[in-house]
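Structural overview for review
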Amino acid sequence: MFKPQSMEKVELIIPEHQVVRTTEALAASGVFHPIPSTQITVRTPARGIDEWQAWTADLVALEHRILVVMEELKISEGPPPTQTPHIIEPQVAQRDIERLELEAENPIRELEAAQRRLTQLQKYVSQLAPIADLDADLGSLRDLRYTFVMLGSMPIANVERLENSLEHTPFVLVTLRREGHLATVMLFGLQEDAAVLNRAARSAYLNPLMLPEDYRGTPAQTIAALQAGIERTQQHIAESEREIARLHKMRVRHLRHLLWRVRASRILARTINGYDHLQHTYLVTGWVPAASRAKLEQEIAKVSDKVVVETLKPRMEDIGRIPAALKNPPLVSGFQGLVTTYGQPNYDELDPTPVLALTFPLVFGIMFGDVGHGLLLLLVGLLLISRKIRPLQSVASFGMVIAACGAMAMVFGFLYGSLFGFEDVLKAVWIHPLENITDVLLFTVAVGAVLLSLGMVYSMLNAALAKHWGRLIFNRNGLAGLVFYWSILGIVVNTFGVAVPIPGSVLGILLVVSGSGLTFAEFFEHLVEKHRPLVEGSIGTYVVLAFFELFETLISLLSNTLSYVRMGAFAVAHGALSLVVFIIAEFAGGKGSIGYWIVVILGNLFVIGFEGMIVGIQTLRLEYYEFFSKFFYGGGAPFRPLSLILKSEE
Amino acid sequence: MVRSAVTAYASVNATTRALYSTLLTPEVRHALIQSPNFDVLLTQLDKTVYGPYLKINRELLTPRRTAFQLRLHLAHVYEKLIRITPEPGQQLLIQLWRLYEVNNLKAALRGIETGASWDEVLHLLSPMFHYIILTTDDIQRMLAAGSIVRAIERIRHTPYYDTLIHAVARYEAEKNLFPLEVALDLDYRRGLWQGIENLTGMDHEQALRLVGTEIDADNLLWAIRYRVYHHLSVQEIINYTLPFGYQVRDEDIRAIAEGGDIITVVKRVYPRIETLEDVPAQTREEISPQRRQLALIERALHRHITDLCYRTFIGNPFHIGIPLAYIMLLERELQDLTTVVEANASQLPIERLASIIDIEWW
């Protein structure tokens, strides 16, 4: 739990004809992290690398076609499958998708055509509306002997240009209506200029009103006929939509299944394309947690007894590249996201998740101590964990963090005697922060000192794991740093008259010894780790720099410690904010009135939402910048076992 | 006012000047043109600001893919400058950037018309990541639609829809993409003009001088092409051109449309521009007079714009003109670079190349 799982580097020799089933088995095992190919590729006439590349390209295109059909039938992708879907060959998938496309094509096309027709008919009505009172047959307007008449719509931006272009031609252009970016216009001119007028109108994007044959008569009659047409088209649209809904219902499972099969096949093809390929075999290397090696072999044995699994000795270039597989119990793993947001732990580094799972709620609870507020957070956290609310499923992983923070806020709520801001309902097990500000601030400084020391202990453990003995002893976050820090704390506490079990003279000696160790840390570290030269650059510069570094260490230790005072300040602020809510509530109608309770409820919600968010950010800040910076380096490679089910980050 | 312009454009100016220094020097341009083969050309390009974009498997670097990779630089420059430029100048830069979106849309429409696959179209597109309306996914969905009308339906959520759906009636009647493309071009330039009009003071002045001149050049060249190559009527030429510009007036367009002497019109707008009459007689004989005329005018206008861009960097630098001028220079560099890449890959002799790009500038 405290350290990433021990990893083994394995090499698999897979006979060419078993590569698909073996890759499926590797994915099914869920424990194999493949390493990219080293390009030992030999092209063979059989299914070689080119074919897998072609598979990948074909499957990408097919996936896109499936998504288009799904979109047309209003089918969502749905949740990823729980079991790896079976692989499908592109040719088979293509036949299937062609059938589905064909099936969906007619109703979709009909719907689109009907929608276009509806838009067109509505546009006709809109164009005819301004001349609805005209008592003349529209057909007769087209066949006038001496006058050219064109009714139509055109972009408003082109109207002036059209007028301009006809400068030397007699014409009248009447704008009947403007709607959106289009204008309904009537262009009049001489029939002898029809050719010029037609070309001009066309180039100005004046689309003439071309009513279908069945719409005749006066504008009023035509509008009535068009309205009837609109109704018929709307019925047609409803029918098409019903047909699409039927297809949706009938094909939803099939399409989703096909989509995930194609995706799995695409990932498989891409994975195999990345393998090293010899004449008749594939060479695959990767990492597997040592504890899961047997599981991997078991899965492979299920599909083939010809695959050879060999353990490889990690090489120099593997250092720093070994993936870190974090394994934490469910209560702790919810905090893993907070750790990886800061940095991915290195393989040879302690996993800070367990200690974060302990300290994060503690720090939050100190700042947000209230039984009622904590209870609400706990309930919200548990609701997220239950995944009962679909839109919040994506943030379910934070449920544990919120629940733990809520629980710890409740614990401190009992210690502070605070319930939904009421300080007189519960008896404080410890103190009311608002009445004992100095005690709370000193307490939080003490908590900060403990947390910083814990960070240094973690740093020493990390140095021991990496066998950096010099760093372990002399580093500012190592033994020398820890002794230096506690010596200062002891002396400060002693100065204020608090009894310390260690005599002042001993503390002084410890301070000088650890301080000297820190001052010449680089020299001692090089000495212990047999690194030469012992001192980089000139001795004079080194001494000056060493002195300033000691000074900087002292300042940063003090500022790191004082940074934790904010915990006390927020604990006090939490009480003060609640007090403000009650003062406003009193103004809203006096104790016990409806107005009073409305303000109390809204005020509490505000405190939970607003202050809860600020306290959350401050907690994260203290963890990341004061605590993690003492021991956590990050920059490791995450363990990404092969999976044929598309993950969101792909 | 001046102080606020200084504050607003301080970082834009500093960033643009840093980027300006990465434009190809005449020595590099010369070396690129002289590259004996495609491999040497790529090696030369590797050492320039385009180098990081070419760090992919060499086998994949076909001329088309190379041009695509080079355009990645333009995308990053646009995005960087748009991000740091204050409003309303930012809107003008976004509108300028939208030209590539319009071109991508046109490429998609052409792809649908010719039945091209996504792979064939992909690297013809300009890579665009931010400040876009039309995503790569939209274009892919358009190509999958199978017909122009269905493809347009698939971009209903974009402002291009209204323009295209109105013009589609003409496409259906004429079975030609020309009306769709012209509608897009006109709409784009109207937006650009609106972007200039939204600016005030020095910003307006500079944008009008640079972008307005570019709009002028497009307008003038369109009018000439419509008359010389497409033989369109006066009314059509006027309707397919723009009623606004910096120096080009409506009467200039009308004069060209009505068959007036092109050189007279061009000389009236740009008295110092070099035209056919200014070129030695022996050079004049090489190509047909009309093409020669148009090519010369085109080159002269480009030189004029390039000159304007360079001159923008002299004097008060706290205005939108600085990023505009740099971007226009970079666009020109990329246009020519694409030509050089394609010419080199097809082993086109330098003499032929000289008829396509402004070799003297190179």
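Residues numbered from 1 in each chain as written. Chains lettered and ligands numbered in written order. Predicted model: local features only at pLDDT ≥ 70, side-chain atom pairs only at ≥ 80, totals over all residues. Heavy atoms only, no water.

This brings us to the overall build of chain B. Tallying secondary structure elements over chain B gives 18 helices and 0 strands in all. Here chain B has a C-alpha radius of gyration of 21 Å; the compact-globule value for 362 residues is 21 Å, and the two agree. Per-residue burial over chain B gives 55% buried out of 362 residues. Summarising the internal contacts of chain B: among those between residues at least 6 apart in sequence, 66% fall at separations of at least 24. Counting only carbon and sulfur atoms, one obtains 53% of the accessible surface of chain B, whose full area is about 15700 Å². Averaging the coordinates of the 38 positive side-chain charges in chain B and doing the same for the 45 negative ones gives two points 2 Å apart. (Helix = DSSP H or I, 4+ residues; strand = E, 2+ residues; numbered from the N terminus. Rg over C-alpha atoms; globule rule 2.2 N^0.38 Å. Buried < 20%, exposed > 50% of the residue type's maximum accessible area, 1.4 Å probe, protein only. Contact = heavy atoms within 4.5 Å. Areas by Shrake-Rupley, 256 points an atom, 1.4 Å probe, with all protein chains shown as cover. Lys, Arg positive; Asp, Glu negative; His and termini not counted. Charge placed at Lys NZ, Arg CZ, Asp CG, Glu CD.)

Here we take up the domain arrangement of chain B. Residue and element names in this part refer to chain B. When its domains are assigned, chain B resolves into domain 1 (1–86 + 337–362), domain 2 (89–198) and domain 3 (200–319). On a C-alpha basis, the centres of domain 1 and domain 2 stand 25 Å from each other. On the domain 2 side, the residues contacting the 16 residues of domain 1 number 18 residues. The junction of domain 1 with domain 2 conceals about 1600 Å² of combined surface from both sides, 68% of it contributed by carbon and sulfur atoms. For domain 1, the biggest contributors to the area lost against domain 2 are Y78, E79 and I82; these three give 38% of the whole. At the boundary of domain 1 and domain 2, one finds 0 salt bridges. At the boundary of domain 1 with domain 2, the tally comes to 10 residue pairs in polar contact (both at pLDDT 80 or more). For the side of domain 1 that touches domain 2, the element with the highest residue contribution is helix α4 (residues 63–84), accounting for 13 residues. (Domains from an automatic or database assignment. Buried area = accessible area lost by both parts, 1.4 Å probe. Salt bridge = Lys/Arg side-chain N within 4 Å of Asp/Glu carboxyl O. Polar contact = N/O pair within 3.5 Å; in protein donor to acceptor, adjacent residues only side chain to side chain.)

Residue and element names in this part refer to chain A. Applying the stated criterion across every chain yields a total of 39 salt bridges over all chains. Among the salt bridges present, the one from R246 reaches E243, with a minimum N-O distance of 2.8 Å. Of this pair, R246 and E243 are both found in helix α7 (residues 219–273), 3 residues apart, which corresponds to roughly one turn of the helix. What makes E243 partly exposed here is its relative accessible area of 28%.

At the junction of the two partners, chain B supplies 35 residues and chain A supplies 31 residues. Summing the contributions of chain B and of chain A, the shared interface buries around 2700 Å²; its carbon and sulfur component is 45%. When the area that chain B buries against chain A is broken down by residue, the three leading residues are R150(B), H166(B) and N239(B), summing to 26%. For the pair chain B and chain A, the number of links is 9 salt bridges. Measuring nitrogen to oxygen at the nearest pair gives 3.7 Å for the salt bridge that ties R254(B) to E167(A). Joining chain B to chain A, the criterion identifies 24 residue pairs in polar contact (both at pLDDT 80 or more). Counting only elements with at least two residues in the side of chain B that touches chain A, the list comes to α7 (136–145), α8 (148–153), α9 (160–174), α10 (178–197), α12 (234–239) and α13 (250–257) of chain B. Classifying every residue of the side of chain B that touches chain A gives 15 nonpolar, 7 polar and 13 charged. (Nonpolar A, V, L, I, M, F, W, Y, C, P; charged D, E, K, R; others polar.)

What follows is about the packing of helix α11 (residues 353–367) of chain A against helix α13 (residues 399–416) of chain A. Residues and elements named next belong to chain A. In contact at an axis separation of 7 Å, α11 and α13 are set at 45 degrees when each is read in the N-to-C sense. Taken together, the axis directions place α11 and α13 in an arrangement best described as oblique. Classified by chirality, the crossing of α13 by α11 is right-handed. In this structure, α11 contributes F360, P361, L362, F364, G365 and I366 to the contact, and α13 contributes V401, A404, C405, M408, A409, F412 and Y416. Classifying every residue of the contact of α11 with α13 by side-chain character gives 12 nonpolar, 1 polar and no charged. (Axes fitted to C-alpha atoms, helices over the stretch in contact; angles between N-to-C directions. Parallel < 35°, antiparallel > 145°, perpendicular 65-115°, else oblique. Left-handed = near helix turned anticlockwise from the far one by under 90°.)

Assigned domains of chain A: these are domain 1 (1–37 + 275–325), domain 2 (43–121 + 224–274), domain 3 (136–217) and domain 4 (330–631). For domain 2 of chain A versus domain 4 of chain A, the distance between C-alpha centres works out to 53 Å.

Moving on, we come to the environment of V500(A). Residue and element names in this part refer to chain A. Turning to its location among the elements, V500 is positioned in the loop between α16 (479–495) and α17 (504–519). Distance in space between the C-alpha atoms of V500 and L376 is 42 Å, their sequence separation being 124 residues. If sequence neighbours within four positions are ignored, V500 has contacts with G490, V493, N494 and L507.

Here the focus is the nonpolar core. Of all hydrophobic cores here, the largest spans 119 residues; its most connected members are L45(B), I148(B), L164(B), L324(B) and Y326(B). Residues within four places of L45(B) in sequence aside, it is in contact with L32(B), Y50(B), G51(B), L54(B), L70(B), L337(B) and V341(B). (Core = buried A, V, L, I, M, F, W, Y, C linked by side-chain atoms within 4.5 Å.)

This part covers the side chain of N604(A). For N604(A), the position within the fold is in helix α21 (residues 594–631). Discounting residues that sit within four places of it in the chain, N604(A) has contacts with H373(A), F420(A) and G421(A).

Looking now at the pairing of strand β8 (residues 281–289) of chain A. Residues and elements named next belong to chain A. The buried fraction of β8 is high, at 8 of 9 residues. Strand direction decides the pairing type here: strand β1 (residues 7–15) and β8, joined by 9 bridges, are antiparallel. Considered in β8, the bridge of K9 is made with W287. Relative to β8, strand β7 (residues 276–277) runs antiparallel, the two being bridged by 2 bridges. Bridge pairing in β8 places D276 opposite L283. In sequence, β7 turns back onto β8 through a hairpin of 3 residues. (Pairing = 2+ DSSP bridges.)

Residue and element names in this part refer to chain A. If you trace the 4 strands from one edge of the open sheet to the other, you get β4-β5-β3-β6, paired in antiparallel fashion. Looking at strand neighbours, the two that pair on one side only are β4 (171–179) and β6 (207–208), the edges of this open sheet. When strand β3 (residues 147–155) meets β6, the two strands line up antiparallel, connected through 2 bridges. For S153, the partnering residue across the bridge sits in β6 and is N207.

Quick look at helix α12 (residues 371–386) of chain A now. Note: α-helices contain 3.6 residues per turn, so residues at a spacing of three or four share the same orientation. Residues and elements named next belong to chain A. With 16 residues, α12 should cover 22 Å at 1.5 Å per step; its first-to-last C-alpha distance of 22 Å lies within 8% of that length. Residues of α12 that are buried: V371, G372, H373, G374, L377, L378, G381 and L384. In this structure, the buried side of α12 is in contact with α11, α13, α20 (565–587) and α21. For α12, the N-terminal cap is D370; the gap from its side-chain oxygen to the backbone nitrogen of G372 is 2.9 Å. Just downstream of α12, R387 is the residue with a positive phi angle, here 55 degrees. (Expected span 1.5 Å × (residues − 1).)

Right, let's talk about unusual backbone geometry for a bit. Residue and element names in this part refer to chain B. In this structure, the amide linkage connecting E87 to the following residue, P88, adopts the cis form with an omega of -5 degrees. Relative to the helices and strands, P88 is located in the loop between α4 and α5 (89–114). Positive phi, normally seen in glycine, also occurs at Y131, with a value near 55 degrees. The class of Y131 is partly exposed, set by a relative accessible area of 30%. Phi at Q347 takes a positive value of approximately 55 degrees, unusual for a residue other than glycine.

Along helix α6 (residues 194–203) of chain A, the residues classified as buried are A194(A), L197(A), A200(A), A201(A) and S203(A). Turning to α6(A), the residues buried within the fold contact β3, α5 (156–165), β4 and β5 (182–190) of chain A together with α9 and α12 of chain B. Immediately downstream of α6(A), the backbone of Y205(A) shows phi near 60 degrees, a positive value.

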